[in-house]
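Structural characterization, general
Given next are the chains, with one letter for each unit.
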Amino acid sequence: MDRITELHLILDLIKKHNLPLSPILEYAIQEKEAEYSGSNPEEVIIEMKLQEDNSPKNLAEYVNDFATLSVAVSKGKKLPHKAILLLSIMQMIEDGDLANNMIPLDNRIAETFARTWDRYFNTKAPCVWTPFYHLKGEAFWHFKSQDSSDKLEMLLSFGGTPSIGKMRPVIKFAYFDEELYSLMDNAQTRNILRNILIENYLL
C-alpha cells in the first residue's frame with residue numbers, strides 16, 4: 001500500500017466511524033498527500049473539497065467566483081475595488097474585528113479598506129461604499145434590510161451608486177453565503193481565497 005492510499009484510508013476510517021476531524025488534522029493530511037504526490041497543497045485542498053463537500057457550494061466554486069468577479073476593465077487590467085473590499089473583510093475576520101456574518105456600514109470597514117488599498121497602491125483610497133454596494137452583482141453577497149424589503153429592492157434597482165446616507169436607512173448589514181463565511185473564518189481556506197484575489201486583481 002503506497003503512502004497516498006494510506007492517507008485516504010485514514011480519512012475513510014475517520015468518516016466511517018463518525019470521528020471528529022479537526023481542520024488542523026484535515027489540512028495536515030491534505031498537505032502530506034500533496035507532498036507525496038508532488039502537487040500544490042492548495043490545489044489538493046480545493047480538489048478534495050470539490051469531491052467531499054455536500055453543501056450547496058464548496059471551496060472550488062467560491063474560488064471560481066472570486067476569480068471571475070464582475071468588474072470593469074481599465075487599460076487591460078481588472079479594477080481591484082471589489083477584491084480590496086473582500087480582502088479587507090477577511091482581514092477583519094482574521095483580526096477578530098468581525099465576529100459573525102454581518103458586515104455593517106460603519107467606519108471599521110472604511111478604515112480597513114483604506115489600509116488595504118494603501119498596501120497595494122500609491123493612490124488615495126476610493127470610497128469603500130461603491131464596491132460595498134456593487135458587490136450586489138455577485139451571487140454570494142446579500143443585504144439585510146432595515147425594515148422594508150420593498151425599500152431595499154428600490155435601492156438595489158438604482159442605476160448608479162447611492163450615497164452612504166441613502167444606504168444606511170435601508171441596509172441593516174451585508175452578509176455572505178453561510179458556506180463562504182465559514183470558509184473565510186478558517187485560516188487555511190481564507191488564505192486560498194485571499195491568494196485568488198491577489199493573483200487575479202492585484203498583480
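Before reading on, note that the structure itself is shown above.
Residues numbered from 1 in each chain as written. Predicted model: local features only at pLDDT ≥ 70, side-chain atom pairs only at ≥ 80, totals over all residues. Heavy atoms only, no water.

**Remarks on the overall build of the protein**
Let me state the cut-off plainly: What counts as a helix is a DSSP run of H or I of at least four residues, what counts as a strand is a run of E of at least two, and both are numbered from the N terminus. The cut-offs for exposure are 20% and 50% of the maximum accessible area for each residue type, with area from a 1.4 Å probe on protein chains only; residues under the lower value are buried, those over the upper are exposed, and the others partly exposed. In what follows, a contact means two residues having at least one pair of non-hydrogen atoms within 4.5 Å. Computed with a 1.4 Å probe, the accessible areas rest on the Shrake-Rupley method; for each residue, only the protein chains presented here act as cover.
Scanning the protein from terminus to terminus reveals eleven helices and four strands. Here the protein holds 203 residues, and the buried ones make up 40% of them. Within the protein, counting contacts between residues at least 6 apart in sequence, those at least 24 apart form 67% of the total. Here the protein displays about 11200 Å² of accessible surface, and carbon together with sulfur accounts for 51% of that area.

**Examining the packing of aromatic side chains**
Rules: Only Phe, Tyr and Trp rings take part, Trp by its six-membered ring, and two of them pair if their centres are within 6.5 Å. Stacked means planes under 30 degrees apart, edge-to-face means over 60, and tilted covers everything else.
One pass over the full model with this rule turns up ten aromatic pairs. Taking the centre distance of 4.6 Å and the plane angle of 35 degrees together, the rings of Trp117 and Phe121 count as tilted. An aromatic cluster is present here, built from Phe66, Trp129, Phe132, Phe140, Trp141, Phe143 and Phe176 joined pairwise through their rings.

**Quick word on the side chain of Asn101**
This is how it is decided: In protein, a polar contact requires one atom able to donate a hydrogen and another able to accept it; more generally it is a pair of N or O atoms within 3.5 Å, and residues adjacent in sequence count only if both atoms are side-chain atoms.
With respect to the element layout, Asn101 can be found in the loop between helix H5 (81-95) and helix H6 (107-120). Within the structure, the side chain of Asn101 is placed 2.8 Å from the backbone oxygen of Phe176, a separation counted as a polar contact. Among the polar contacts made by the side chain of Asn101, one reaches the side chain of Glu178 at a distance of 3.2 Å. Setting aside residues no more than four positions away along its own chain, Asn101 makes contact with Phe173, Ala174, Tyr175, Phe176, Asp177, Glu178 and Tyr181.

**Topic: the nonpolar core**
Keep this limit in mind: Grouping buried Ala, Val, Leu, Ile, Met, Phe, Trp, Tyr and Cys residues that are joined through side-chain atoms within 4.5 Å yields what is termed a nonpolar core.
Grouped together as the largest cluster of nonpolar side chains are 47 residues, with contacts concentrated most on Phe66, Phe140, Trp141, Phe176 and Leu193. Among the elements that line this core, the one with the most residues is H5, at nine residues. Discounting residues that sit within four places of it in the chain, Phe66 has contacts with Leu86, Met90, Phe140, Leu180, Met184, Leu193, Ile196, Leu197 and Tyr201.

**Some details on the environment of Asn191**
Mapping Asn191 onto the fold places it in helix H11 (residues 187-201). Look at Asn191 and you get partly exposed, because its relative accessible area is 33%. C-alpha separation for the pair Asn191 and Met90, spaced 101 residues apart in sequence, amounts to 9.1 Å.

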